Amino acid sequence: MKRGCTQCGECLNVCPVYQQYKREQYSPKGKRILMEPIDNGDSPLPWERVKFLSRLCAGCGRCKDVCARKLSTADLLADVRSTHPHWTQYMWELWISHMGPFWPALGFFASLTPDAVTPGPLRSSLAMAKALPAPKEGKPWVVLKKNPAVTVDPTPVVVFAGCTANNARPLWRAKTEKLLKAWGYTALDSSSFVCCGGTLHHAGQYKAMHAMQEKNTAVWKELGRPRIAAFCASCHHSLAEYAEKVLQGEDAALWKKSLTPLSTLLAGAQAEITPDKPAEYGYHHPCHWGANGDRDQPFLADIVPGLKKGADVCCGMGGVLKMTDPDLSMRMADACLASFPSSARDILTGCSGCAMQLSAAAPKGTSVHHWLDVVSV
Ligand code: SF4
Ligand code: SF4
């Protein structure tokens, strides 16, 4: 793990956790000062305090983006969690690795539970559970058509849907396959892929993460190393790391080349906006695209004119943060939603986790969707 924080403080104001507490020990810089010396097993702090601080991170990667030394505090904290685990990490692994098929049913039962009878500390978890069942399909208001002048690469494509879409929003995968077919791509069977493992990395559950990575790369090889279409910024971010951390040689280079955002595969689309279009809509930029690397925004700006980007505030999803500190996670979501103009009550995004998190936190009258929800073909 790379170390050597210069204590420049650049990471303070981009960290959504620091924004909530305004105390330096909660910032990436503060955590680095306290945790970088842990290398040899010694800690300047009581272990319970170290473990507590290591859990306060949304894994957004904003600190690494601005750090001149490219230090990833999310990775440092994941390492600390991995060597000094907390029970919530095992719960998160169970939730991701084994409970996925039960998410909609659990969400249904959660929806029967009134907020008023739920103890305060559980309310934010309940809100998230209530967002799990897929809502009734709204009326899409962007009809997409392939531009006949654009030629399509004949390499077969496999959709990487990710665990959120597979378990809670199957419509996203189905719509992606429909779009690819309409564009003339050959879409392969994607049902054998599992979670990308990114959220398990963040939780410090490395063994489970490695198992997911091995399974996904084996599926890709069995399918003949096709292009991989991802419609979730967080999945894309995590899959991109396979080229550096999981695969080697030619496979690593080919994986890197094959991984493609869905929006890139649909580039040049012709869009017809229907009268169901909301008056004003905002765009939530997922942190996992990085500060300047949003791969969906140019496509969305083309097909949805007048799309207003929000103030670039992290949604607070943070994977295991939902277990370790659900209230902090929800406070971050509230801050994100509050950063949009009050007139933009329809918010689009391109990350499955952001869409679920912001849907769970959205006040009455505000709706949050993955952009796939509003397009039809
Ligand atoms: S990854 Fe995000 S939440 Fe975690 S320390 Fe860095 S900026 Fe803060
Ligand atoms: S930006 Fe990097 S070097 Fe500067 S304080 Fe933060 S972690 Fe340390």
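A few points on the structure. Computed from a prediction, not measured in an experiment: that's the story for all the values here.

### Focus on the site of ligand 1
Next, step 1: Lining the immediate surroundings of ligand 1 are 14 residues, of which Cys15, Cys57, Cys60, Cys63 and Ala74 lie closest.
Next, step 2: Listed by contribution, the elements that provide at least two residues to the shell around ligand 1 are α1 (16-21), α4 (62-66) and α5 (73-83).
Next, step 3: Of the residues in the shell around ligand 1, the class split is 10 nonpolar, 3 polar and 1 charged.

### Comments concerning the site of ligand 2
Next, step 1: Around ligand 2 lies a shell of 15 residues, among which Cys5, Cys8, Cys11, Lys29 and Cys67 are the nearest.
Next, step 2: Mapped onto the shell around ligand 2, the elements with two or more residues apiece are α2 (28-35) and α4.
Next, step 3: If one sorts the elements of the shell around ligand 2 by residue count, α2 sits on top with 3 residues.
Next, step 4: Taken together, the residues of the shell around ligand 2 sort by class into 8 nonpolar, 3 polar and 4 charged.

### Observations regarding the environment of Ala361
Next, step 1: Tracing the chain through its elements places Ala361 in helix α20 (residues 352-361).
Next, step 2: Of the residues examined, Ala361 has 25 C-beta atoms within 10 Å and is grouped as buried.
Next, step 3: Once the C-alpha coordinates of Ala361 and Ala131 are considered, the two residues, 230 residues apart in sequence, prove to be 9.0 Å apart.
Next, step 4: When neighbours within four sequence positions are excluded, Ala361 is seen to be in contact with Ala127, Met330, Ala333, Asp334 and Leu337.

Parameters and conventions
- Residues numbered from 1 in each chain as written.
- Chains lettered and ligands numbered in written order.
- Predicted model: local features only at pLDDT ≥ 70, side-chain atom pairs only at ≥ 80, totals over all residues.
- Near = placed C-beta within 6 Å.
- Helix = DSSP H or I, 4+ residues; strand = E, 2+ residues; numbered from the N terminus.
- Nonpolar A, V, L, I, M, F, W, Y, C, P; charged D, E, K, R; others polar.
- Buried ≥ 20, exposed ≤ 12 C-beta atoms within 10 Å, placed from the backbone.
- Contact = placed C-beta atoms within 7 Å.

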